[in-house]
Amino acid sequence: MNPRIADWSDQRVWLLGASTGIGAALAGLLLARGARVALSARSAVRLAEVAAAGGGRALVLPCDAADAASLHAAWDALLAEWGGVDVALYVAGDYVPMRAWELDMAKARRMIDVNLVGAISFAACVVPQLLRQGNGQIGFVASVAGYRGLPKSLIYGPTKAALINFAEALYLDLRPKGIGVRVINPGFVATPLTAQNDFAMPALLTAEQAALATIDGFAGSAFEIHYPKRFTRVMILLAHLPYRLYFPLVRFLSGA
């Protein structure tokens, strides 16, 4: 299983997707716990605000997760500053509610680029360094929407399913080499992205609650960190139902 982290003092953490939502909340929490945090996202202004709220001690490295050259430039700057990293977390994500009759390829490509291709580019940066070090961890914020197909999750869900699968394959390769791999699967979290939803979101968490649950998960050794348990356990159960039961149940629960 994965190495446990109970004390974040002086841990070098790279957060990609740190400008809003869970990423920004994680930045504040990790800085408060003594970690050295590098913040990346597209908005330099917003990253500066997150850094200032954390006492100004964060390293600000703006980049676009969907632009491999931009992402690699931020990584090179981090290495030049720190020489390595202890924990790398991919928190970047894009979400547009979409049904089959609303399929928009431009929006679909953006979700694929941010939610999956960006995560793979992130790993391509980080994994060689972790292997050179012989230690460290990499984690990805996916979603319980990746467990199975859901209404209004026509593209978002598949990108998260692929991200979960990617993390599983990374774990199988890297854990025997002493490298930790985590996948974080939240339920509903109040962020600018979920604000687009026009339906009730059961067991909705604040970004701060989600960040705390993520950090608490690192105190354990499990590959998957999921929360809130009262919701995610139901989603895990649904994921294992045969389709003849799953489809009518989800249609009924969602009103689809």
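These numbers were taken from a predicted model, which means no experiment stands behind them. As a convention, each chain's residues are numbered from 1 in the sequence order in which they are written. It should be noted that, the model being predicted, local features are given only for residues of pLDDT at least 70 and side-chain atom pairs only at 80 or more, the latter also being counted only at that level, while totals for whole chains, interfaces and linings use all residues. Based on all heavy atoms of the structure, the side-chain values leave hydrogens and waters out of the count.

Draft legend 1. Region of interest: the packing of aromatic side chains. For this analysis, a ring pair means two rings from Phe, Tyr or Trp (six-membered ring only for Trp) whose centres lie within 6.5 Å, classed as stacked if their planes differ by under 30 degrees, edge-to-face if by over 60, and tilted for the remaining angles. Applying the stated criterion to the full structure yields 12 aromatic pairs. For the pair Trp-8 and Phe-218, a centre-to-centre distance of 5.6 Å together with 70° between the ring planes defines the contact as edge-to-face. Pair noted here: Trp-8 is in the segment before β1 (12–16) and Phe-218 is in helix α6 (residues 207–218), with a separation of 210 residues, a long-range link. For the pair shown, Trp-8 and Phe-218 are each scored as buried. Through a chain of ring-to-ring contacts, three or more aromatic side chains come together here, namely Trp-14, Trp-75, Tyr-90, Phe-122, Phe-140 and Phe-166. Only when the NZ atom of a Lys or the CZ atom of an Arg is both within 6 Å of the ring centre and within 35 degrees of the ring normal do we say a charge sits over the ring. Positioned over the ring face of Phe-218 is Arg-182, at 4.6 Å from the centre of the ring. Numbering of helices and strands runs from the N terminus; a helix is a DSSP stretch of H or I covering at least four residues, while a strand is a stretch of E covering at least two. Whether a residue is buried, partly exposed or exposed follows from its accessible area with a 1.4 Å probe, protein chains only, as a fraction of its type maximum: under 20%, in between, or over 50%, in that order.

Draft legend 2. Layout of the nonpolar core. What makes a nonpolar core is a set of buried Ala, Val, Leu, Ile, Met, Phe, Trp, Tyr and Cys residues whose side-chain atoms join them at distances within 4.5 Å. Formed by 37 residues in total, the largest nonpolar core has its most connected members in Trp-14, Tyr-90, Phe-122, Val-126, Ile-138 and Phe-140. Where this core is concerned, the elements lending two or more residues are β1, α3 (68–82), β4 (87–90), α4 (105–133), β5 (137–141), α5 (156–174) and β6 (180–186). Residues in contact with Phe-122, not counting those within four places in the same chain, are Trp-14, Leu-16, Leu-71, Ala-88, Leu-89, Tyr-90, Ile-138, Gly-139 and Phe-140. Note on contacts: a residue pair qualifies if any of its non-hydrogen atoms lie within 4.5 Å across the two residues.

Draft legend 3. Layout of the pairing of β1. Burial analysis of β1 places 5 of its 5 residues in the buried class, which makes it a mostly covered element. Here β1 shows no split at all, with Arg-12, Trp-14 and Leu-16 on one side and Val-13 and Leu-15 on the other all buried. Two strands qualify as a pair provided that DSSP identifies no fewer than 2 bridges between them. Two elements, β1 and strand β2 (residues 36–40), share 5 bridges in a ladder whose sense is parallel. Residue pairing in the sheet places Val-13 in a bridge with Val-37 of β2. Convention used here: a crossover is right-handed provided that the path from the first strand, over the helix, to the second strand proceeds clockwise when the strands point away from the viewer. Considered for its hand, the β-α-β crossover made up of β1, helix α1 (residues 21–32) and β2 is right-handed.

Scope: geometric values only; no functional claims are made or implied.
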